[in-house]
Amino acid sequence: MKYATTMIIGAGIALLAAGLFMPGWLTFLLTLAFAKGLVVMGLLLLMRAGLVSFGQGLYYCLGAYCVGIAGDYFETQNALLLILLAVVVCVALAAIIGLLLCRYRDIFFAMFSMAFSMILYGVLVKSSAFGSSDGFNVKPPLLFGWTPTGESGPFLAYGLAVVALVGVGIFVWRYLRSPMGYAGEAVRENEIRVEYLGASVRRIIYTKYLLAAAMAGLGGGITALAAGHIDPEMAYWTTSGEFVFIALMGGVGHAAGPVIGAVLFELLRTYAFQISPYTWQMILGIALLVIILYLPKGVWSLVERVTKGKPL
Amino acid sequence: MKLVIAMLMDGVIYASWLFVIAAGLTLIYGVMRILNMAHGSFYAIGAYGGASLVGFYLAGGYPPWGAYFMLLGAALIGGTIVGLLIERGLLRMMYGRDEVVMILVTYAILLILEDVIKLIWGVDAYFAYQPYTLLGRTKLAGLSFANYDILLIFVSALICFVLWWGLNRTRKGKLLQAVIHDRDTAAFLGINVTRMFTVTFVIGAVLGALAGALTAPGISVMPGIGVEVIILAFAVVVIGGLGSVGGALLGALIVGLARSAAVHLYPDAELFVIYGVMGLVLAFRPQGLFAIATARKI
């Protein structure tokens, strides 16, 4: 096995082991953070190609609702099956929407993807069968007959999140070093030259869009299982804005950026909310401004500066 | 027949409201290439400012018609202060960044302003219905419309005309068009682009606040109104073509009429229709209806 793969798996095992000793609130916070990290990992693929989606909430929410609805409908709480279904449904939808979206760039891509997530929001808010704007509760998950109870309850979702993160992390790390991965940056720099070199810009973007949707669906599904409650707010534009926020905070230069960004974001939000319940948004906004001004490549660039001696 | 008239009137009223918001947004984008998410906060500031100024004014027992000037004054003061602070204090440091990064900068400003508004005005709802009820109602084909809403249509048309006049028939407006067309060349020719930016941003902010102040009498002003409004305004300007005032007018009419048709015929589809229309327009006109095509980078 390669060095990096070993490192990622090692980190995953360490996280799982640490999870056994963590207090409940931290397990929960990290589960949600990792789930968001998964979504942002997909966003990273798009952002490296110069496309900022302000609508990843669409797949995040869709994945969550898939888990919730399928759990009720098929009367199963098998976590793996439900999450797999969420990913499949998200990819299927992305396969259709992507055909249209991959014609757009810049702000139009951002706005158009936002429009789609707002459509889902609008539909969900009006659908009383799924609890309208209140959403509904998702039954606790189980895994191959193992029904976690009491203390080990949150650990199942946490374990799922860590395993998913390791899998996606290895994939993204390798993908970024593959020709398809490099093609993303080439598209961002100059599309016409990419076409001249014989690659299809359309196909490159389409693939990335599908991958991003799959990861967002995965993250949404895990969030639904972990939080036990879902509502249309997950498709609202502020949720998608949060994902872009996290991507910028962590940095898109490295696969670890989104995870670090997501954990930092959740910690920041939790503490900001605890310290001053009335101005936590302001604290988040100021943090975002500071990062844009002084760390334009995200928090990960600090790590790179130390390890590789790279200038900011 | 009644239904058609109701739909048309509601649509046009809604459109005129949307236009005032979208005009500021599209103006700022056209000149500065900043898609300003904080525009929703300008709207909220205008609404809160208008509601509390009207409240103070009427509590003092002055003649009620003065309340309309209070609304205008709130928009002017609020928009100017916030616009100047943000442009001079913050955005100035960010020029030249990527458009998408600028969206996030304004997103951060939105987050900050949302809490600033809560700190100043609290979380309770404000009401300033007096200017709304004062004008009475008109019967039209058996339907009753608030005169205030009808007045809003004329105000909106006036704003549209002033903007068009200012941009196309004045010296400053023509200079501004030069900046829109090519920022660098305009700067070479001796136009003070920095000042143009500041002035544009303040005008845009005042328009946003004005939309809020004009709406305040008709709604209960409470936290979160800005966040809702901004995505509607986005839909409008994207349909019309970013940066085009004429486009914002057309976009507002399309969205307004589509929404009112949905509300009257099939209320569940209200939000769906707005973004559905936006998707439909973008599918056929990827840059929006009125946008100028830009050259591709080679």
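Residues numbered from 1 in each chain as written. Chains lettered and ligands numbered in written order. Predicted model: local features only at pLDDT ≥ 70, side-chain atom pairs only at ≥ 80, totals over all residues.

Structural notes on the overall build of chain B
For step 1, the next point in the chain: Tallying secondary structure elements over chain B gives twelve helices and two strands in all.
For step 2, the next point in the chain: Starting at the N terminus and ending at the C terminus, chain B contains elements arranged as α-α-α-α-α-β-β-α-α-α-α-α-α-α.
For step 3, the next point in the chain: By its C-alpha atoms, chain B is 60 × 45 × 35 Å across when sized along the principal axes.
For step 4, the next point in the chain: For chain B, the share of sequence-separated contacts (at least 6 apart) that also reach a separation of at least 24 residues comes to 77%. (Helix = DSSP H or I, 4+ residues; strand = E, 2+ residues; numbered from the N terminus. Contact = placed C-beta atoms within 7 Å.)

A look at the overall build of chain A
For step 1, the next point in the chain: What chain A contains, in helices and strands, is 13 helices and two strands.
For step 2, the next point in the chain: The globule rule puts the C-alpha radius of gyration for 312 residues at 20 Å, and the 19 Å found for chain A is close to it.
For step 3, the next point in the chain: For chain A, the spread of C-alpha atoms along the three principal axes comes to 55 × 45 × 40 Å.
For step 4, the next point in the chain: Partitioning the intrachain contacts of chain A with sequence separation of at least 6 by distance along the chain shows that 80% fall at a separation of at least 24. (Rg over C-alpha atoms; globule rule 2.2 N^0.38 Å.)

Re the UniProt feature "transmembrane region" (unreviewed entry) in chain B
Residues and elements named next belong to chain B.
For step 1, the next point in the chain: The UniProt feature table records "transmembrane region" (unreviewed entry) at residues 12-30, 42-59, 65-87, 99-121, 141-165, 186-213, 219-240 and 272-293.
For step 2, the next point in the chain: The distance from the first to the last C-alpha atom of residues 42-59 is 25 Å, and the span holds 100% helix and 0% strand.
For step 3, the next point in the chain: For residues 65-87, helix accounts for 91% and strand for 0%, while the C-alpha atoms at its two ends are 34 Å apart. (UniProt positions renumbered as here; feature names shortened; annotations may be inferred.)

Considerations on the packing of helix H5 (residues 106-126) of chain A against helix H4 (residues 99-121) of chain B
For step 1, the next point in the chain: Contact geometry for H5 of chain A and H4 of chain B: axes closest at 9 Å, N-to-C directions at 50 degrees. Relative to H4 of chain B, the element H5 of chain A is oriented oblique. Facing H5 of chain A, whose interface residues are Asp-106, Ile-107 and Ala-110 of chain A, H4 of chain B presents Glu-99, Val-100 and Ile-103 of chain B. (Axes fitted to C-alpha atoms, helices over the stretch in contact; angles between N-to-C directions. Parallel < 35°, antiparallel > 145°, perpendicular 65-115°, else oblique.)

Some words on the interface of chain A and chain B
For step 1, the next point in the chain: Taken residue by residue, the interface counts 37 residues in chain A and 37 residues in chain B.
For step 2, the next point in the chain: Those elements that place two or more of their residues in the side of chain A that touches chain B are H5, helix H10 (237-250) and helix H12 (280-294) of chain A.
For step 3, the next point in the chain: For the side of chain A that touches chain B, the class distribution of residues is 27 nonpolar, seven polar and three charged. (Nonpolar A, V, L, I, M, F, W, Y, C, P; charged D, E, K, R; others polar.)

Brief notes about the pairing of strand E1 (residues 137-140) of chain B
All names here are of chain B.
For step 1, the next point in the chain: Looking at chain direction, E1 and strand E2 (residues 143-146) are connected through four bridges and run antiparallel. Residue Leu-140 lies in a different strand from E2, and its bridge partner there is Leu-143.
For step 2, the next point in the chain: Connecting E1 to the antiparallel partner E2 that follows it, the hairpin turn spans two residues, and Ala-141 within it adopts a positive phi of roughly 50 degrees. (Pairing = 2+ DSSP bridges.)

Thoughts on unusual backbone geometry
For step 1, the next point in the chain: A positive phi angle is found at Arg-33 of chain B, which is not glycine, with a value near 60 degrees.
For step 2, the next point in the chain: Tracing the sequence through the fold places Arg-33 of chain B in the loop between helix H1 (2-32) and helix H2 (39-59).

Some details on the environment of Tyr-14 of chain B
Residue and element names in this part refer to chain B.
For step 1, the next point in the chain: Its place among the elements puts Tyr-14 in helix H1.
For step 2, the next point in the chain: Along the backbone, Tyr-14 and Tyr-126 are 112 residues apart, and their C-alpha atoms lie at a distance of 21 Å.
For step 3, the next point in the chain: Excluding anything up to four places from it in sequence, Tyr-14 contacts Gly-256, Arg-259 and Ser-260.

Some thoughts on the packing of helix H10 (residues 225-240) of chain B against helix H12 (residues 270-284) of chain B
All names here are of chain B.
For step 1, the next point in the chain: Remark: H10 packs on H12, axes separated minimally by 9 Å, with the N-to-C direction vectors making an angle of 25 degrees. For the element pair H10 / H12, the angle class is roughly parallel. Of the two elements, H10 crosses H12, and the hand of that crossing is left-handed. The residues of H12 that touch H10, namely those facing Leu-232, Ala-235, Val-238 and Ile-239, are Ile-274, Tyr-275, Val-277, Met-278, Val-281 and Leu-282.
For step 2, the next point in the chain: The class makeup of the residues in the contact of H10 with H12 is ten nonpolar, no polar and no charged. (Left-handed = near helix turned anticlockwise from the far one by under 90°.)

A short note on the nonpolar core
Residues and elements named next belong to chain B.
For step 1, the next point in the chain: Of all hydrophobic cores here, the largest spans 217 residues; its most connected members are Leu-18, Ala-22, Ala-235, Val-236 and Val-255.
For step 2, the next point in the chain: In terms of residue count, the dominant contributor to this core is H1 (17 residues).
For step 3, the next point in the chain: When sequence neighbours within four positions are dropped, the list of residues in contact with Val-236 reads Leu-18, Ala-22, Ala-248, Gly-251, Ala-252 and Val-255. (Core = buried A, V, L, I, M, F, W, Y, C linked by C-beta atoms within 7 Å. Buried ≥ 20, exposed ≤ 12 C-beta atoms within 10 Å, placed from the backbone.)

Observations regarding H12 of chain B
For step 1, the next point in the chain: Over its 15 residues, H12 of chain B runs 22 Å from end to end, which matches the ideal 21 Å to within 8%, given 1.5 Å per residue.
For step 2, the next point in the chain: Buried residues belonging to H12 of chain B abut H5 of chain A together with H10 and helix H11 (245-265) of chain B. (Expected span 1.5 Å × (residues − 1).)

What about the confidence of the model for chain B?
For step 1, the next point in the chain: Summarising the model, chain B shows a mean pLDDT of 85, and 97% of its residues fall at 70 or more.
For step 2, the next point in the chain: Both scores are given for the predicted complex: the pTM is 0.87, the ipTM 0.84. (pLDDT = per-residue confidence, 0-100.)

Here's the deal with the environment of Tyr-266 of chain B
All names here are of chain B.
For step 1, the next point in the chain: Mapped onto the fold, Tyr-266 is located in the loop between H11 and H12.
For step 2, the next point in the chain: Since 11 C-beta atoms lie within 10 Å of it, Tyr-266 is described here as exposed.
For step 3, the next point in the chain: Along the primary structure Tyr-266 and Leu-53 are separated by 213 residues, whereas in three dimensions their C-alpha atoms are 38 Å apart.

What to know about the environment of Gly-217 of chain A
Residue and element names in this part refer to chain A.
For step 1, the next point in the chain: Within the fold, Gly-217 resides in helix H9 (residues 201-227).
For step 2, the next point in the chain: The spatial distance from the C-alpha of Gly-217 to the C-alpha of Tyr-65 is 9.7 Å, given a sequence separation of 152 residues.
For step 3, the next point in the chain: Residues contacting Gly-217, with those up to four places away along its chain left out, are Tyr-59, Leu-62, Gly-63, Ala-86, Val-87, Val-89 and Cys-90.

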